[in-house]
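# Architecture and fold: a report
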Amino acid sequence: MSIRRAAVLGAGSWGTVFAKLLADAGTPEVTVWARRPDVAEAIRERHVNPDYLPNTWLPPAVTATGDAAEAIDGADLVVLAVPSQTLRDNLGAWAGTIGSDATLVSLMKGIELGTLKRMSEVIVDSAGVEPDRIAVVTGPNLAPEIAAEQPAATVVACTDIRRAELVQRAISTRYLRPYTNDDVIGCELGGAVKNAIALAYGMASALGFGDNTRATLITRGLAETTRLGGALGANLMTFAGLAGLGDLVATCSSPLSRNRTFGEHLGRGETLEQAQAATRQTAEGVKSCLSIRDLAHSVGVEMPITEQVELVCHEGVDPLKALAALMARETKPERPGVPSTGEHQ
Ligand SMILES: NC(=O)c1ccc[n+]([C@@H]2O[C@H](COP(=O)([O-])OP(=O)(O)OC[C@H]3O[C@@H](n4cnc5c(N)ncnc54)[C@H](O)[C@@H]3O)[C@@H](O)[C@H]2O)c1
Ligand SMILES: O=P(O)(O)OC[C@H](O)CO
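Residues numbered from 1 in each chain as written. Chains lettered and ligands numbered in written order. Predicted model: local features only at pLDDT ≥ 70, side-chain atom pairs only at ≥ 80, totals over all residues. Heavy atoms only, no water.

### A closer look at empty space enclosed by the protein
- What the rule picks out here adds up to 2 cavities of 30 Å³ or more.
- Together, 13 residues line the largest cavity, and Ala 200, Met 203, Pro 319, Ala 322 and Leu 323 are the ones closest to its centre.
- Counting residues per element, the ones that place at least two in the lining of the largest cavity are helix 8 (184-206), helix 14 (304-315) and helix 15 (319-327).
- Residues of the lining of the largest cavity, tallied by class, amount to 12 nonpolar, 1 polar and no charged.
- In this structure, the second largest cavity encloses a volume near 30 Å³. (1 Å grid on protein atoms, 1.4 Å probe; cavity = no way out; pocket = protein on both sides within 12 Å on 5 of 7 lines; lining within 4 Å. Points joined across faces, edges and corners; volume = space filled by probe spheres on them. Helix = DSSP H or I, 4+ residues; strand = E, 2+ residues; numbered from the N terminus. Nonpolar A, V, L, I, M, F, W, Y, C, P; charged D, E, K, R; others polar.)

### As for the site of ligand 2
- Within the structure, ligand 2 sits among Lys 109, Gly 139, Pro 140, Asn 141, Leu 142, Lys 194, Asp 247, Thr 251, Leu 256, Ser 257, Arg 258 and Asn 259.
- Between Ser 257 and ligand 2, the recorded distance is 2.7 Å, taken from a side-chain N or O atom to an oxygen atom.
- Contacts to ligand 2 include Arg 258, whose side-chain N or O atom sits 2.6 Å from an oxygen atom.
- Across the complex, the protein chains shield 92% of the 310 Å² of accessible surface that ligand 2 would expose by itself.
- In this structure the site holding ligand 2 corresponds to the largest pocket.
- If you list the elements that add at least two residues to the shell around ligand 2, you get helix 10 (242-253) and helix 11 (258-267).
- A class-by-class count of the residues in the shell around ligand 2 yields 3 nonpolar, 5 polar and 4 charged.
- Counting contributing residues per domain, the shell around ligand 2 is built from domain 1 (5-182) and domain 2 (185-327), each supplying no fewer than three. (Near = heavy atom within 4 Å. Polar contact = N/O pair within 3.5 Å; in protein donor to acceptor, adjacent residues only side chain to side chain. Areas by Shrake-Rupley, 256 points an atom, 1.4 Å probe, with all protein chains shown as cover. Sits in = over half its atoms within 2 Å of the grid points. Domains from an automatic or database assignment.)

### Concerning the domain arrangement of the protein
- When its domains are assigned, the protein resolves into domain 1 (5-182) and domain 2 (185-327).
- The centre of domain 1, based on its C-alpha atoms, is set 24 Å off from the matching centre of domain 2.
- Counting residues at the interface gives 29 residues for domain 1, matched by 29 residues for domain 2.
- Carbon and sulfur atoms supply 66% of the area that domain 1 and domain 2 bury against each other, a total of about 2300 Å² over both sides.
- The salt bridge partner of Asp 247 is Lys 109, with a shortest N-O separation of 2.7 Å.
- Joining domain 1 to domain 2, the criterion identifies 9 residue pairs in polar contact (both at pLDDT 80 or more). (Contact = heavy atoms within 4.5 Å. Buried area = accessible area lost by both parts, 1.4 Å probe. Salt bridge = Lys/Arg side-chain N within 4 Å of Asp/Glu carboxyl O.)

### Digging into the packing of helix 8 against helix 10
- Two elements in contact, helix 8 and helix 10, have axes separated by 9 Å at closest approach and are oriented at 25 degrees. Judged by the inter-axis angle, helix 8 sits roughly parallel to helix 10. Considering the relative orientation of helix 8 and helix 10, their crossing is right-handed. Taken together, the residues of helix 10 that come into contact with helix 8 (itself represented by Cys 187, Gly 190, Gly 191, Lys 194, Asn 195, Ile 197, Ala 198 and Tyr 201) are Ala 243, Asp 247, Leu 248, Thr 251, Cys 252 and Ser 253.
- Classifying every residue of the contact of helix 8 with helix 10 gives 7 nonpolar, 5 polar and 2 charged. (Axes fitted to C-alpha atoms, helices over the stretch in contact; angles between N-to-C directions. Parallel < 35°, antiparallel > 145°, perpendicular 65-115°, else oblique. Left-handed = near helix turned anticlockwise from the far one by under 90°.)

Below, the structure written as structure tokens:
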């Protein structure tokens, strides 16, 4: 079985590249929903997204509309690519038009404020679908590099292996190699938490700290992600894979990362508002650091880096003071691989 018609809801960087990917992998009809009519028209008429991917030509199979119902009509694959905090409201409006056996794909890397839910949980709530119809695509996938067809790998996480394999086939190209995984919880947490850690990494870089500091942030960032995952029922091995370490390294190391770049602005002493004004695109970690911190507290897990990132972003704490607070924490054994239960340190 293969996908005949796909809808991609969201015409930002990743939604647009994902539409190209589906077309390159052989989906005959891919319709992108763009919020702005001029973006829909440019994709439809000129095969380019001038706002987000001006230098990437989109294949003929990709078209676009400003009407979400039109995009979803008859689609057997419905891809969700809007900012995480807008998903519930958007999907609530679209849900009635989604086919009863369509597979839903989540591209979003965030945790909802207030409910503290992962994106697949928000989809279950607002679209009223069973969890096994939802696949999560996540991994080290900076949109501009995938657009340039640079080789990379990703993960398709779904509890229904048949649907995971369907999506895997639908995005398998000479430049992207997808792996399946049944650990939806771990894959989503890896994608969401790495954004908060990349903010810290960006701050440290802007403050002039070198590779020891950066490696420490990546490694301890992964440790706190793994602790959270363990407490929430994830497979701890997921965090050693593409959705965990892979995405964390790509996001922290890349100047293309919006989260890292946002952290650099904060590290240079800018306020949240100044950093927001300087970076137009979605840096999910800025909001999700709050919900991740609250989610961690709800299960008794300490996430010191995420907590300090939240203080810098939302409480105006100086990044240098945040770093000093991390360094002043009580000393403890490293204990890699310690299971989640017991002391969540
Ligand atoms: N860009 C990447 O490299 C990349 C890679 C993997 C995953 N992701 C994830 O994909 C998701 C989407 O990111 P992106 O990179 O496409 O973001 P983006 O900032 O490039 O684009 C966001 C899109 O959402 C639209 N939008 C903004 N507010 C909206 C609202 N209230 N309702 C509906 N649409 C709205 C914007 O117009 C834009 O088209 C994020 O969760 C991100 O973490 C991004
Ligand atoms: O640009 P960022 O920081 O949103 O990261 C993009 C992707 O999630 C990297 O895999």
